[in-house]
Amino acid sequence: MFERPATGERAILVRIGVGTRATPEELEEFTALASAAGALPVASIGGYRARPDPRFFVGSGKADEIRELARANEADVVLVDHALSPSQERNLEELTGKRVLDRSGLILDIFAQRARSFEGKLQVELAQLKHLQTRLVRGWTHLERQKGGIGLRGPGETQLETDRRLIAKRIKTLEGRLEKLARQRDTGRQGRKELPVPTVAIVGYTNAGKSTLFNALTGAGAYVADQLFATLDPTVRRLQLPRSQNVALADTVGFVRDLPHELVAAFRSTLQEARDAALLLHVIDVSDPEHAERTLQVNEVLASIGAGGLTQIEVYNKIDRAGLEVRVERHAGRIAGKVWISAARGKGLDGLLELIEGVLYPDVARHRLTVTLAAAGVRSQLFTRKLVRADEVLEDGGWLIDVELSKSQLAELLRRPGVALAAKRSARKSKLPCVPGSAFLQSGRTRRRAVADTRAKSRAEPGAKRRI
């Protein structure tokens, strides 16, 4: 029986066209995936089949060719750019005497190396265990041995059954932990919805420049590298738009062709940032000759997680490599606009910000609100988000505030207790001048003393102009 080698990085790459011919770009991407996992590709083999072979996937003749190529190049592992069934994977391992890994297993291995956060590590481990569940049978010879010893002989529980039980128990534990983390992440999203602060999620094919754009817009310092799946853990930062509107910008994990279903299921809480976003920035590497196909593949993944109908802005990145110029187009419909930029060189970012603001806040206008003392927290949040243009204190201790909000923001704000639209005559009846906002951010005796001092100064200088 074949025993899997414990280590080894010399790899044979197998890419077979099934139904259609394999393209050089697909082999190039698979080579990049292998390199990202730490493998050293020493040889590759291609071919064409009308349909997969049920035993080896590649056919018996091609399987023999793989075996000879692996022996000649002293390879340690055979990487197959297809999803193999457990039996196909085991048959290839027995024939070649080498470890065999399909596309899903390779991507899972990359994710296991790159995960940094506690949640990311749990998600990857869960995906790996679910992938491993169906690949235990005859994968290792020790799994068929039964426990022995005095008093333990007999049918008993085989090592295979023990491992299955332990894996199932671990999966249940991981799912429980991830559910708790998902609730915590939902709490953070609910907090952003209170005023609300819309979320803009950056999505796109892996290595399209998402983290570079995220850093260029927010200065977050997220890790950036010219490799597939350089960053896995989502990051959310505040982004201020040109007219002082604030949004939450989320950097999500990159997508790839034939993304394993185990990963989509395990990363559902991470991908929730994209599904709950008000707007998606779909970053496209315009210098990639296959960028049109990549765009379709990303949209397929978005549809699979329930985000296919969200409004998008298509961001064509790396125009410096493609020899293109900065350009902005505004559209109606699900694709709200297109913009050509270079995130690495900072070109076209102003146009992108203006387009985001135009899509999210098409009806921003100035409104006058009354805020009671009980709703002082709302006023503090408005100042924090820099939406206040002017404010003054009222005789009852509340405030009269001028803000710039969209219709949806205003409607959400008016649902909060203690907040209402001010009548036009309220400004004429008010006898109080506007006091600097810092005085009103104080509370209790200090705030009342600041108001009294301002009133006394106003009486002493009757000719002074009042700031509205």
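Here, the structure is the one placed above.
Note that this is a predicted model, so its numbers are computed, not measured.

Assigned secondary structure in the chain consists of 17 helices and 15 strands. Among the 468 residues that make up the chain, the fraction classed as buried is 48%. Counting contacts in the chain only where the partners sit at least 6 residues apart, residues at least 24 apart contribute 71% of the total. Surface exposure of the chain reaches about 22900 Å², of which carbon and sulfur atoms provide 50%.

Time to look at the pattern of salt bridges. Pairing between side chains becomes possible if they bear opposite charge and their charged atoms approach one another. A full pass over the atoms with the stated rule returns 20 salt bridges. Here Glu29 and Arg103 are joined by a salt bridge, their closest N and O atoms 3.1 Å apart. Highlighted residues: Glu29 in helix α1 (residues 24-36) and Arg103 in helix α4 (residues 103-114), separated in sequence by 74 residues. Taken together, the shared-partner salt bridges in this structure form one network comprising Arg15, Glu26, Glu29, Asp81, Arg103, Asp288 and Arg294.

What follows covers unusual backbone geometry. For Phe57, which is not glycine, the phi torsion reads 70 degrees and is therefore positive. Residue position: Phe57 is located in the loop between β2 (40-49) and α2 (60-72).

This part is about the packing of helix α7 (residues 210-218) against helix α12 (residues 349-360). Axis separation between α7 and α12 bottoms out at 11 Å; the angle between their running directions is 85 degrees. Viewed along their axes, α7 and α12 adopt a mutual orientation that is roughly perpendicular. Contact with α7, carried on its side by Leu213, Ala216 and Leu217, involves Leu349, Leu352 and Leu353 of α12 and no other residues of that element. Grouping the constituent residues of the contact of α7 with α12 by class yields six nonpolar, no polar and no charged.

As a further point, take the nonpolar core. Membership of the largest hydrophobic core comes to 33 residues, with the highest contact counts inside it found for Leu79, Phe255, Leu280 and Leu302. Taken together, the elements giving at least two residues each to this core come down to β1 (10-18), α1, β3 (77-80), α4, β5 (199-204), α9 (268-275) and α10 (291-304). Among all residues touching Leu79, those that are not within four sequence positions of it are Ala11, Ile12, Leu13, Val14, Phe30, Ala34, Ala39, Leu101 and Leu106. The next biggest cluster of nonpolar side chains, apart from the first, holds 28 residues, and it includes Leu239, Leu241, Val247 and Ile341.

Attention now goes to the side chain of Glu93. Note on placement: Glu93 falls in helix α3 (residues 86-96). Its relative accessible area of 2% is what places Glu93 among the buried residues. A distance of 3.2 Å separates a polar side-chain atom of Glu93 from the backbone nitrogen of Val100.

Cut-offs used in this document
- Residues numbered from 1 in each chain as written.
- Predicted model: local features only at pLDDT ≥ 70, side-chain atom pairs only at ≥ 80, totals over all residues.
- Heavy atoms only, no water.
- Helix = DSSP H or I, 4+ residues; strand = E, 2+ residues; numbered from the N terminus.
- Buried < 20%, exposed > 50% of the residue type's maximum accessible area, 1.4 Å probe, protein only.
- Contact = heavy atoms within 4.5 Å.
- Areas by Shrake-Rupley, 256 points an atom, 1.4 Å probe, with all protein chains shown as cover.
- Salt bridge = Lys/Arg side-chain N within 4 Å of Asp/Glu carboxyl O.
- Axes fitted to C-alpha atoms, helices over the stretch in contact; angles between N-to-C directions.
- Parallel < 35°, antiparallel > 145°, perpendicular 65-115°, else oblique.
- Nonpolar A, V, L, I, M, F, W, Y, C, P; charged D, E, K, R; others polar.
- Core = buried A, V, L, I, M, F, W, Y, C linked by side-chain atoms within 4.5 Å.
- Polar contact = N/O pair within 3.5 Å; in protein donor to acceptor, adjacent residues only side chain to side chain.

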